[in-house]
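Here's the letter readout for the chains.
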Amino acid sequence: MILKVFLSLLFASSVFAQSYNFTELRYSDAIDRYTQLEGKISFHKDGLNISYPKSARELNYKDDTLVYYENGKKVSLPDMQVSKMIQYFNILSLLHNGDESELADMFEIENQANKKILKPLGAIKNYINYIELRKEDTRLQYIKLFLKNNDTISININD
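Procedures and definitions
- Residues numbered from 1 in each chain as written.
- Predicted model: local features only at pLDDT ≥ 70, side-chain atom pairs only at ≥ 80, totals over all residues.
- Heavy atoms only, no water.
- Salt bridge = Lys/Arg side-chain N within 4 Å of Asp/Glu carboxyl O.
- Helix = DSSP H or I, 4+ residues; strand = E, 2+ residues; numbered from the N terminus.
- Buried < 20%, exposed > 50% of the residue type's maximum accessible area, 1.4 Å probe, protein only.
- Pairing = 2+ DSSP bridges.
- Axes fitted to C-alpha atoms, helices over the stretch in contact; angles between N-to-C directions.
- Contact = heavy atoms within 4.5 Å.

Q: What exactly am I supposed to notice about the pattern of salt bridges here?
A: Oppositely charged side chains are able to pair whenever their charged atoms sit close together. Applying the stated criterion across every chain yields a total of four salt bridges. Here Lys62 ties to Asp46 by a salt bridge, and the two come within 3.8 Å at their closest N and O atoms. With Lys62 in strand β4 (residues 57-62) and Asp46 in the loop between β2 (33-44) and β3 (47-52), the pair connects residues that are 16 residues apart, well separated along the chain. Judged by relative accessible area, which is 33%, Asp46 ranks as partly exposed.

In structure tokens form, the structure reads like this:
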């Protein structure tokens, strides 16, 4: 469950020192259930912060180090989970920054009328089928991840 929260977080944005309020909708195929969360993501030059105020959870990713807090207390996570979360956060930062050449190195990009479909080319294709991405001008509006286990994570930017 924590991994899914982190995956969702990956779908926000990453221009330096920009913050966004977002709504995250996660679907778990294993239990056929949707979960909705409200949060805030802030992108910085060297990382990002994500907080879920109602559940008192916070993630801080800086200089390739991830720290997870619940109710203000640091919580240790398994190394494998941390590694996958860092990969997702790097993808989120990439999607936010919108560097087309970097995106083209990692994804096959299909432009549609109001969105892009990103199909992973490297190792991430082992856990992500594809990503839907919608921007208005250069501002991120919506990200939806379609995972290999049939789960989905949607992030809508509220501001």
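Q: Could you clarify how one ought to interpret the sheet that holds strand β6 (residues 73-75) in this entry?
A: Adjacent strands of a sheet pair through backbone hydrogen bonds, lying either parallel or antiparallel. Spatially, 11 strands are ordered β6-β5-β4-β3-β2-β1-β11-β10-β9-β8-β7 in an open sheet, and the strand pairing comes out antiparallel. The open sheet has two edge strands with one neighbour each: β6 and β7 (107-111). Taken pair by pair, the neighbouring strands of this sheet meet at an average axis angle of 25°, ignoring direction. In the sheet, strand β10 (residues 139-147) pairs with strand β11 (residues 152-157) via five bridges, with the strands oriented antiparallel. Each residue of the ladder has a partner; that of Ile143, found in β11, is Ile155. Here helix α2 (residues 79-97) sits on the sheet and contacts β1 (18-28), β2, β3, β4, β5 (65-70), β7, β8 (116-120), β9 (128-136) and β10; the angle it forms with β9, its principal contact strand, is near 35°.

Q: Looking at this model, I keep getting lost on unusual backbone geometry. Mind explaining?
A: Glycine aside, residues mostly have negative phi angles, and peptide bonds mostly take the trans form. Despite not being glycine, Asp63 shows a phi value in the positive range, around 50°. In this structure, Asp63 sits in the loop between β4 and β5. With a phi close to 75°, Asn150 is a non-glycine residue in the positive phi region. Note on placement: Asn150 falls in the loop between β10 and β11.

Q: What am I meant to see in the environment of Phe146 here?
A: Along the polypeptide, Phe146 turns up in strand β10. Residue Phe146 is classed as buried on the basis of its relative accessible area of 15%. Phe146 sits 19 residues away from Tyr127 along the chain, and the two C-alpha atoms are 8.9 Å apart. Non-local contacts of Phe146, meaning those with residues more than four positions away in its chain, are made with Ile128, Asn129, Tyr130, Glu132, Asp151 and Thr152.

Everything listed is a geometric property; what it means functionally is a separate question.
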